[in-house]
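Now for the letters of each chain:
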Amino acid sequence: AEGWNWIGYTPSTSTNINAALALFTPSDSDYIKGQSIASTYYASGGVWYPDIMLEPTKGYMLDASIEQSLYYPEVESNISEENLLLRNNYVPEFNYREYEFNASATIELNLPHLDITENDRIRVFYNDELRGVAQGDICPLNDKILFNLMIYSNNQSDKNLTLVYTNSITGKEYTMRETIDFEKD
């Protein structure tokens, strides 16, 4: 159905979203999220980004622009060299299950004095309480390092969350001047 739908991932093997939803016809900005991951469809590149893994027995919320049925392709359950190279979903270092709501944000940093790498992290805090963590990821649409941040709260909205960037090369933490507001999605 059009809009938000709960879906289950029924194949018995984890698969990246671009393969798992190969039989689905997404529109630009269609969106899927789980408890700790999210992905958006970009029609300009014909891909879901980030290329998250859908996992058996997990539930996801899909926000689709048009009504259609969802079918999964047959997924091979044998482990191949190609499957070993797939990106693993980043799992935050705190218990996101303690929160009722989540929302996602994709962040690009403009810090010309620093080398930003895939090993860098952004953490988000609300009143010194950790509310989310993201690790850098190279976006295949523009070859830039982006941070796909999932933010958590027990409130439907919170204002002025603090972003802290950690550079893996220098080991230094930088509190960003900009803040971010949380609104559940």
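Whatever comes next refers back to the structure up there.
The numbering scheme is per chain: residues are counted from 1 as the chain's sequence reads. Per-residue local features of the predicted model are confined to residues with pLDDT of at least 70, and side-chain atom pairs are confined, for both listing and counting, to 80 or more; whole-chain, interface and lining totals are unaffected and use all residues. Hydrogen atoms and water are omitted, and side-chain values are computed over all heavy atoms in the structure.

(A) Region of interest: the sheet that holds strand β4 (residues 38-42). Between any two strands, pairing holds if DSSP finds at least two bridges. To qualify as a helix, a DSSP run of H or I must reach at least 4 residues; to qualify as a strand, a run of E must reach at least 2; elements of each kind are numbered from the N terminus. On the basis of which strands lie adjacent, the open sheet formed by five strands has the order β1-β7-β3-β4-β5 and antiparallel pairing. Each edge of the sheet is formed by a strand with only one pairing partner; in this case those strands are β1 (3-8) and β5 (47-49). The average angle at which neighbouring strand axes cross in this sheet is 25°, direction not considered. Examined bridge by bridge, strand β3 (residues 31-33) and strand β7 (residues 59-64) share three bridges and lie antiparallel to one another. Its bridge partner lying in β7, tyrosine 31 is registered against aspartate 63. Between the N-to-C directions of two axes lies an angle of 0 to 180 degrees, each axis being a line fitted to C-alpha atoms and, for a helix, fitted only over the stretch in contact.

(B) Here's a closer look at the sheet that holds strand β13 (residues 173-183). Read across the sheet, six strands follow the order β8-β11-β10-β9-β12-β13 without closing on themselves; strand pairing throughout is antiparallel. Of all strands in the sheet, those with a lone pairing partner are β8 (101-107) and β13, marking the two edges. Going from strand to strand, the sheet's axes swing by 25° on average, the running direction of each strand aside. The pairing of strand β9 (residues 121-126) with strand β10 (residues 129-138) spans six bridges and is antiparallel. Within β10, the residue paired with isoleucine 122 across the bridge is alanine 134.

(C) Inspection of unusual backbone geometry at higher detail. Here tyrosine 49 and proline 50 are connected by a cis peptide whose omega angle stands at -5°. A positive phi angle, near 70°, is found at threonine 57, a position not held by glycine. Along the polypeptide, threonine 57 turns up in the loop between β6 (53-54) and β7. Despite not being glycine, aspartate 128 shows a phi value in the positive range, around 70°.

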